[in-house]
Each structure stands twice: as C-alpha cells, then as structure tokens.
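# Remarks on the overall topology
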Amino acid sequence: MTRPPLNRRLAEFGTTIFAEMSALAARTGAINLGQGFPDTDGPEEVREAAVRALRDGRGNQYPPGPGVPELRTAIADHQRKRYGLEHDPDTEVLVTAGATEAIAASLLALVEPGDEVIALEPYYDSYAACVAMAGGTRVPVTLRPHEGAYVLDLDELRAAVTDRTRLILLNTPHNPTGTVLTRAELTAVAELAVERDLLVVTDEVYEHLVFDGAEHVPIASLPGMRERTVTISSAGKTFSFTGWKVGWITASPELTSAVRSAKQFLTYVSSGPFQYAVAEALRLPDTYFDALRADLAAKRDLLGEGLAQAGFEVYRPSGTYFVTTDVRPLGATDGLAFCRSLPERAGVVAIPNAVFYDHREAGAPFVRFAFCKRTEVLEDAVSRLKRLA
Ligand SMILES: *Cc1c(COP(=O)(O)O)cnc(C)c1O
C-alpha cells in the first residue's frame with residue numbers, strides 16, 4: 001500500500017514555476033522576464049526612511065499586532081484620498097507580511113472546510129494553495145481572450161455560484177492578464193455578491209499600475225460592498241520594494257478582526273522598521289505615482305511592440321507589469337515546452353500561463369513576460385526575441 005503524501009492538502013502544488021524558471025535563467029544566463037520583481041529599487045527617500053527607523057530604534061522589537069499606528073493611519077488616509085473610502089485605522093486596518101500573508105490569513109479565517117471559493121482563472125498561484133490549506137474547494141471562472149484583451153464572462157460567474165459558495169476572490173488589476181475590471185463589471189460582481197450574500201476578498205496590489213486612463217475601482221466602494229469585502233494591497237509593487245513584505249487589508253471591524261485572528265498565529269507581526277518607511281511612502285506626492293505609471297506604460301509599449309515584431313500575438317495590458325502573449329503564431333502550441341526552450345532559442349525566460357489554470361488546456365498557448373525591468377534590459381530582450389521571427 002502506498003502511503004499518502006506527507007503534505008496531503010498541498011501535494012498537487014509541487015514547487016512554484018517561478019523557482020524553476022529563475023533557476024533556468026541563472027543556469028543559462030538568459031534575461032529573466034519571468035518573475036515579477038523590478039530590477040531597480042524604489043525611491044531613495046523611502047529607503048532612507050527605513051534606515052532612519054532602524055537607527056532610531058523604531059520597529060526593531062515586536063511592533064503592535066495590527067501594525068504600527070503611523071502605517072495604519074497612512075493606509076486609511078490613502079484609501080480616503082484615492083477612493084473616498086473611510087476606514088478607522090484602529091479597527092479596520094491590519095498590516096500583514098505582504099499581500100501573500102493577507103491572502104492566506106483571509107482565506108484561513110473566512111473559509112470553512114467544504115466551502116467553495118470562486119477565483120478568476122488564470123489566477124495568482126498562492127490562491128489555489130491557500131484555498132486548499134483552508135480546506136475549501138476552488139471554483140475557477142475563466143477570463144477569456146476577446147478582441148485583444150481578457151474579459152470576464154459575467155454569466156459564467158453567475159452560474160458558478162452555488163449554495164456552498166462562501167466568497168469570490170477577485171484580483172484587479174489582474175495578474176497575469178493585465179486586465180483591469182471595469183466599473184460596470186465590478187458593479188455586476190457586487191450585485192451578485194449582495195444577492196447571494198457572498199464575501200469578496202479582492203487583491204489590489206497593482207492598484208497604482210493602470211495605463212491609458214483605465215480606472216482602478218475598489219469593489220469595496222460599490223453599494224452594499226463595504227461590509228462584505230476584504231481589500232488587500234501591498235507596498236511591494238507600488239513602491240518597488242518587493243523584499244520588504246509589507247502588505248495590508250482594509251475591511252469592516254468584524255472582517256478585520258476575523259482576519260487578524262488567523263494572522264496572529266501565522267507571523268504574529270513583521271517588517272517593524274519597514275512599516276514606518278511605507279507609512280512615508282504612502283504619502284508621496286502624486287508626481288511619484290504618475291511617474292511610475294508613465295515609466296511602466298513606456299516599458300509595456302517597448303516590450304509589447306518587440307514581442308509583436310518577434311511574431312507573438314500580444315494582449316495589451318491595461319494594468320500590472322505583465323504582458324500575456326499567445327505563442328501559436330510562432331508555430332508552438334504548448335507554452336510550458338515553449339518556455340523551457342526559450343532560454344536556448346532566444347536567451348529570455350518567461351512564464352507559461354498554464355500553471356495559473358485548473359483548465360490547463362485553456363491556458364496552454366499563453367506565455368507571460370514581465371516588463372518591470374530597466375529599459376536597456378528590455379531592449380536587449382527584444383533584440384534577442386527577434387531571432388524567433
Ligand atoms: C506580487 C503579488 C502578490 C504578493 O504580494 P507581496 O506583497 O509580495 O506578498 C499578491 N498578489 C498578486 C496578484 C501579486 O502579483
């Protein structure tokens with residue numbers, strides 16, 4: 001008799017594709033456009049704020065469980081200023097070890113064994129693992145390419161709701177497709193959540209990375225959603241400090257307290273001095289956020305046009321720092337095999353979107369490239385990729 005695997009609930013997940021592809025990049029010397037981290041650090045004054053906090057002895061010992069008051073207040077001010085959302089920093093804000101812990105704590109707190117969780121497929125890889133750790137059942141609703149972008153089929157979403165559905169796990173702007181859900185789409189999701197009495201956990205880590213005048217709408221700002229939504233964000237993507245692992249949730253007092261009950265036994269607290277630095281970062285002037293967006297929009301265009309010239313079909317992202325492509329015009333059908341051979345063929349590493357799908361065949365021909373890299377690195381990558389044409 002074979003014994004069940006030691007990590008029964010997680011056995012299906014193996015190691016993440018990012019580890020495999022980053023190792024491949026290191027081994028072959030290929031340009032790594034796989035994992036989504038910037039190759040330059042965020043603003044110098046924010047780095048200095050972290051150094052000051054360290055030197056002044058702020059946060060070097062266990063910070064308060066919900067997060068330091070300076071950061072919780074800065075998060076509440078950010079939500080008010082950007083979105084008109086009012087949150088009490090004492091009862092409606094919780095600081096976490098990155099958005100990753102916020103996702104884990106939210107799902108562990110709110111999902112009971114047997115509950116169904118609807119997630120937009122392709123989905124960020126930690127969602128499926130966290131639903132499994134909570135003993136829930138994931139129910140994917142697939143975003144499909146349509147006229148050059150990925151769209152949510154609202155009828156499919158509606159049909160996915162059952163009597164066992166506990167929550168909808170949203171992600172907008174959406175990784176890996178770059179889709180930014182519109183106000184109309186989010187209104188339909190909100191109406192469904194209210195009608196079927198569902199919770200919504202929404203991952204908005206790319207809230208500031210939207211292009212071409214696209215608008216990021218927090219679903220918590222829509223009618224009936226304030227009391228049923230856990231909104232998640234993080235400093236990693238907005239300020240280019242992915243190693244700091246400062247994230248947060250904003251939600252009603254009841255939901256915040258529920259998530260805190262899980263968080264306190266995961267990390268208890270984290271990132272002491274960095275919390276003070278992120279509090280300052282959230283108060284950077286609009287010019288910072290505008291410059292970040294303009295820089296990334298130009299990089300999106302540079303990489304997107306290069307990929308198109310190399311023969312890929314390119315889905316132009318309205319948000320995030322990823323671009324999804326279809327490799328079929330290059331004569332390939334399997335994105336995973338394509339990505340495994342790409343370092344040798346063109347000296348570039350990318351991520352096969354199939355790993356973000358339950359319906360692997362639905363994601364088979366799609367491949368994701370990150371453009372949060374220096375311009376000269378992207379130019380080099382583009383010239384290498386043209387070998388494929
Ligand atoms: C990067 C990312 C995260 C993780 O954020 P951290 O703050 O680094 O934990 C969560 N969700 C999505 C969609 C991401 O792309």
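All of the points below concern the structure found in this document. (Residues numbered from 1 in each chain as written. Predicted model: local features only at pLDDT ≥ 70, side-chain atom pairs only at ≥ 80, totals over all residues. Heavy atoms only, no water.)

With that settled, consider the packing of aromatic side chains. The full count for this structure, using the stated rule, is 17 aromatic pairs. Ring geometry for Tyr124 against Tyr127: centres 5.8 Å apart, planes inclined by 65 degrees, an arrangement best described as edge-to-face. The exposure class assigned to Tyr124 is partly exposed, which follows from its relative accessible area of 23%. The buried category is assigned to Tyr127, whose relative accessible area is 3%. For the ring pair Tyr288 and Phe289, a centre distance of 5.2 Å and an interplane angle of 80 degrees mean the geometry is edge-to-face. Grouping residues by exposure puts Tyr288 and Phe289 together as buried. Connected via pairs of aromatic rings, a cluster forms that spans Tyr150, Tyr315 and Phe366. Sitting above the plane of the Tyr276 ring, Arg58 keeps its charged end 4.8 Å from the centroid. Of note, Arg82 hangs over the ring of Phe289, and the distance from its end group to the ring centre comes to 4.4 Å. (Phe/Tyr/Trp six-rings, centres within 6.5 Å; stacked < 30°, edge-to-face > 60°. Buried < 20%, exposed > 50% of the residue type's maximum accessible area, 1.4 Å probe, protein only. Lys NZ or Arg CZ within 6 Å of the ring centre and 35° of its normal.)

With that settled, consider the side chain of Glu204. Here Glu204 shows up in the loop between β8 (199-203) and β9 (229-234). When residues no more than four places from it in sequence are discounted, the contact partners of Glu204 are Thr172, His216, Val217, Pro218, Ile219, Thr231, Ile232 and Ser233. (Helix = DSSP H or I, 4+ residues; strand = E, 2+ residues; numbered from the N terminus. Contact = heavy atoms within 4.5 Å.)

Further remarks concern the packing of helix α4 (residues 98-110) against helix α5 (residues 125-133). Running from amino to carboxyl end, α4 crosses α5 at an angle of 30 degrees, the nearest separation of the two axes being 9 Å. What the angle tells us is that α4 and α5 run roughly parallel. Of the two elements, α4 crosses α5, and the hand of that crossing is right-handed. Side by side, α4 and α5 meet where Ile103, Ala104, Leu107 and Leu108 of the first sit next to Ser126, Tyr127, Cys130, Val131 and Met133 of the second. Per-class residue counts for the contact of α4 with α5 are eight nonpolar, one polar and no charged. (Axes fitted to C-alpha atoms, helices over the stretch in contact; angles between N-to-C directions. Parallel < 35°, antiparallel > 145°, perpendicular 65-115°, else oblique. Left-handed = near helix turned anticlockwise from the far one by under 90°. Nonpolar A, V, L, I, M, F, W, Y, C, P; charged D, E, K, R; others polar.)

Omega for the peptide link from Glu121 to Pro122 comes to 0 degrees, which places this bond in the cis form. Counting through the fold element by element, Pro122 comes out in the loop between β3 (116-121) and α5. The phi dihedral of Glu147 falls on the positive side, at around 50 degrees, and the residue is not glycine.

Turning our eyes to something else, we now look at the sheet that holds strand β4 (residues 137-142). Spatial strand order, β2-β10-β9-β8-β7-β3-β4: seven strands in an open sheet with mixed pairing. The open sheet is flanked by β2 (93-97) and β4, the only strands paired with a single partner. Strand-to-strand twist in this sheet, taken as the mean axis angle between neighbours without regard to direction, amounts to 25 degrees. Two elements, β9 and strand β10 (residues 246-250), share four bridges in a ladder whose sense is antiparallel. Looking at β10, one finds that Ser234 is bridged to Gly247. (Pairing = 2+ DSSP bridges.)

Attention now moves to the pairing of β4. Put simply, side chains in a regular strand alternate between the two faces of the sheet. The pairing of β3 with β4 spans six bridges and is classified as parallel. Directly across from Glu116, in β4, lies its bridge partner Thr137. Taken together, β3, α5 and β4 constitute a β-α-β crossover, and its handedness is right-handed. (Right-handed = clockwise from strand over helix to strand, strands pointing away.)

Throughout the structure, instances matching the rule amount to one cavity of 30 Å³ or more. Counted as a void, the largest cavity has a volume near 40 Å³. Forming the boundary of the largest cavity are Gln79, Glu204, Glu207, Thr231, Ile232, Ser233, Trp248 and Thr250. Every element with two or more residues in the lining of the largest cavity is listed here: β9 and β10. Take the lining of the largest cavity: its biggest share by element is three residues, from β9. Residues of the lining of the largest cavity, tallied by class, amount to two nonpolar, four polar and two charged. (1 Å grid on protein atoms, 1.4 Å probe; cavity = no way out; pocket = protein on both sides within 12 Å on 5 of 7 lines; lining within 4 Å. Points joined across faces, edges and corners; volume = space filled by probe spheres on them.)

So far we have only geometry, and geometry alone does not tell us how the molecule works.
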